[in-house]
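Each chain, letter by letter, is given below.
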Amino acid sequence: MKRLTSRPSGHWCWTFGLAFAFLGFSACRKSTPVDEVSIGESGVALQAREVPAIDLAWPQWRGPDVDGRAGDATPPTTWDQSTNIAWQADIPGRGHSSPIVIGDQVVLGTADDAKQQQMLVSYNLGSGQEKWRRVIHEGNFPSAREVHHKATNANGSPASDGRLIVTAFLNQERIFVTAVDLNGEVVWQTDVGAFASKFGYAPSPVLYQSFVILAADNFGGGYLVALDLETGEIAWRRSRGDASSYSSPMIASVGGMDQLLISGGDRVASYDPATGEPRWETSAIAEATCGTIVTAGDRIFASGGYPDKQTACFSATGEELWSDRTALYEPSMVTNGTSLFGVTDNGVAMCWSNEDGRVQWKERLGGNFSGSPVLAGGNVYVSDLSGNHYVFSASGDDYQLISKNRLGSDCYASPAVLADSLLLRIGFGEGGSRKERLVKITQRP
């Protein structure tokens, strides 16, 4: 049974990143005050999440723990057009949404600008055959001046608990969150609030027990919001000020408690994910950030942004422990527990000591980067905007290139990782002839 908790919206998630180019920006600064909602007012209680009946190998942006780490996975380290390619599948339209994996299907978001359709598409994990396609919105896209030329109308990645798949799109100058079942049928849709777009909408939803939580920082009035995953009802909504920023939230157990962590608005902030109540905030990083925070033990790491540049480490209570003036604006970072790895937007690979922020090594790769790295099999995997895919050792001793692989013309999205495979969203061709494909990379005999 379909349930709509908002007005109809037509037919029925990359560390994407947005490079700032303020010249020519002409959007009017209109105020859209946030109507805050508390748990007491909503009456929507947090419930423990049931163990899913199917495998959730990569269920949301940056994987099971939203940190880019793939556990014991050992995907191939070399590939090209004729080597270690299991299959390639065409993707309609354009997007920076990274793929997620739910049982035997791969799902991603995309947008057809010509038809003005925002949609979810599912593929068979084994064959790459399209399983279903669900148009979520038709028409009412933001104007061209409200979306950065590098961005798309499908930037955020979906998330799934094994029963429902949740996605968020900017449409009608508002953020709509939509849940579909595993066959692509719409279960509910909720209008969570207004969004004054400067360069588009980027964040991906994150799951926490029975809640789905997302960020909507914008100059009209930013907010965090949690919805009941089963019904789409708003559980809580918390105002975040009036800075346009693009980071996805993440949730980690830090300092003996679950913390909802996010950067942007000239601060790193922690909230109680069950209630939305602030825990702490520390002035740091920049007004606008794109990367998702990562943690290791009781340490919190964030980087960005615009106009300021900073990579920093914080304690579980928000105390700044160390700081570096290097910035990774679009790509997120990844850590192996002792070292912190990342690649700057202009192609410098970096490694810091988690303990004291000492730069252990840095290496110029060249090119430009938007996608976020993942860590698997003791290696870091990351792709640039020219179709080069790098694999280097996750070692704090020195930079050790494992391979540099060439496939496609560009790669804006971040990988999904399986036990023995990678899934990459890659662009092929240039200009009007450019097409996107989902590529499964598996070790071939």
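Residues numbered from 1 in each chain as written. Predicted model: local features only at pLDDT ≥ 70, side-chain atom pairs only at ≥ 80, totals over all residues. Heavy atoms only, no water.

With an unreviewed UniProt entry as reference, the protein chain is termed Serine/threonine protein kinase, source organism Rhodopirellula baltica SWK14.

## Section: the layout of surface pockets
Size it by volume and the largest pocket reaches roughly 380 Å³. The set of elements that each furnish at least two residues to the lining of the largest pocket consists of β11 (206–208) and β15 (250–254). A total of four residues in the lining of the largest pocket trace back to one element, the largest contributor, which is β15. A per-class count over the lining of the largest pocket returns 11 nonpolar, four polar and five charged. (1 Å grid on protein atoms, 1.4 Å probe; cavity = no way out; pocket = protein on both sides within 12 Å on 5 of 7 lines; lining within 4 Å. Points joined across faces, edges and corners; volume = space filled by probe spheres on them. Helix = DSSP H or I, 4+ residues; strand = E, 2+ residues; numbered from the N terminus. Nonpolar A, V, L, I, M, F, W, Y, C, P; charged D, E, K, R; others polar.)

## As for the nonpolar core
One recurring pattern in soluble globular proteins: nonpolar side chains tend to sit buried together. Ranked by internal contacts, the top residues of the largest apolar core, which has 33 residues, are Trp79, Val101, Val417, Leu423 and Leu438. Looking at this core, the elements that each hand over two or more residues are β2 (85–91), β4 (105–112), β5 (117–124), β27 (374–376), β31 (416–417), β32 (421–428) and β33 (435–442). Per-element accounting of this core gives the leading share, five residues, to β32. Those residues in contact with Trp79 that lie beyond four places of it in its chain are Asn84, Tyr381, His389, Val391, Asn405, Arg406, Leu407, Leu422, Leu424 and Ile441. Trp61, Val66, Val254 and Leu261 belong to the second-largest nonpolar core, a separate cluster that totals 32 residues. (Core = buried A, V, L, I, M, F, W, Y, C linked by side-chain atoms within 4.5 Å. Buried < 20%, exposed > 50% of the residue type's maximum accessible area, 1.4 Å probe, protein only. Contact = heavy atoms within 4.5 Å.)

## Things to note about the pairing of strand β22 (residues 320–324)
Of the strand pairs in this sheet, strand β21 (residues 310–314) and β22 are connected by four bridges, and their pairing is antiparallel. The partner of Ala312 across the bridge, within β22, is Ser323. A loop of five residues connects β21 with β22, the two strands running antiparallel in sequence, and Gly318 in this loop sits at a positive phi of about 95°. (Pairing = 2+ DSSP bridges.)

## Describing the side chain of Asn218
Tracing the backbone shows Asn218 in the loop between β12 (211–216) and β13 (222–228). For Asn218, a relative accessible area of 1% corresponds to the buried category. For Asn218, the side chain forms a polar contact with the main-chain oxygen of Ala216, separated by 2.9 Å. (Polar contact = N/O pair within 3.5 Å; in protein donor to acceptor, adjacent residues only side chain to side chain.)

## Focus on empty space enclosed by the protein
In this model, the largest cavity occupies a volume close to 70 Å³. What lines the largest cavity is a set of 13 residues, and nearest its centre among them are Thr152, Asn153, Asn155, Leu170 and Tyr201. Ranked by residues supplied to the lining of the largest cavity, first place goes to strand β8 (residues 164–171) with three residues. Considering only residue class, the lining of the largest cavity consists of seven nonpolar, six polar and no charged.

## Some thoughts on the packing of aromatic side chains
In this description, an aromatic ring pair is defined by two values, namely the gap between the centres and the angle between the planes. Applying the stated criterion across every chain yields a total of eight aromatic pairs. Relative to Tyr390, the ring of Phe369 lies with its centre 5.9 Å away and its plane at 40°, an arrangement referred to as tilted. Of this pair, Phe369 sits in the loop between β26 (359–364) and β27 while Tyr390 sits in strand β29 (residues 388–393), and the two are 21 residues apart along the sequence. Each member of the pair, Phe369 as well as Tyr390, is classed as buried. Pairing Phe392 with Tyr399 gives two aromatic rings, centres 5.5 Å apart and planes at 50°, and the pair type is tilted. By the ring-pair criterion, three or more aromatic residues cluster together here, those being Phe341, Trp361, Phe392 and Tyr399. Sitting over the ring of Phe428, Arg437 keeps its end group 4.0 Å from the ring centre. (Phe/Tyr/Trp six-rings, centres within 6.5 Å; stacked < 30°, edge-to-face > 60°. Lys NZ or Arg CZ within 6 Å of the ring centre and 35° of its normal.)

## A few points about the sheet that holds β4
With antiparallel pairing, four strands are arranged side by side in an open sheet as β3-β4-β5-β6. Taken across any chain shown, the strands that pair with only one partner, and hence form the sheet edges, are β3 (100–102) and β6 (130–138). When strand polarity is set aside, the average angle formed by the axes of neighbouring strands in this sheet is 25°. Two elements, β5 and β6, share seven bridges in a ladder whose sense is antiparallel. For Gln118, the partnering residue across the bridge sits in β6 and is His137. (Axes fitted to C-alpha atoms, helices over the stretch in contact; angles between N-to-C directions.)

## Quick word on unusual backbone geometry
Here the residue pair Gly304 and Gly305 is connected by a cis peptide bond, since its omega of 5° sits within 30 degrees of zero. Along the chain, the position of Gly305 falls in the loop between β20 (299–304) and β21. Between Tyr306 and Pro307 the backbone carries a cis peptide bond, its omega angle lying at 0°. Mapped onto the fold, Pro307 is located in the loop between β20 and β21. In this structure, Arg62 is a non-glycine residue whose phi angle is positive, near 65°. Mapped onto the secondary structure, Arg62 falls in the loop between α1 (39–42) and β2. By relative accessible area, Arg62 is classed as buried at 4%. One non-glycine residue with positive phi stands out, namely Asn140, at about 65°.

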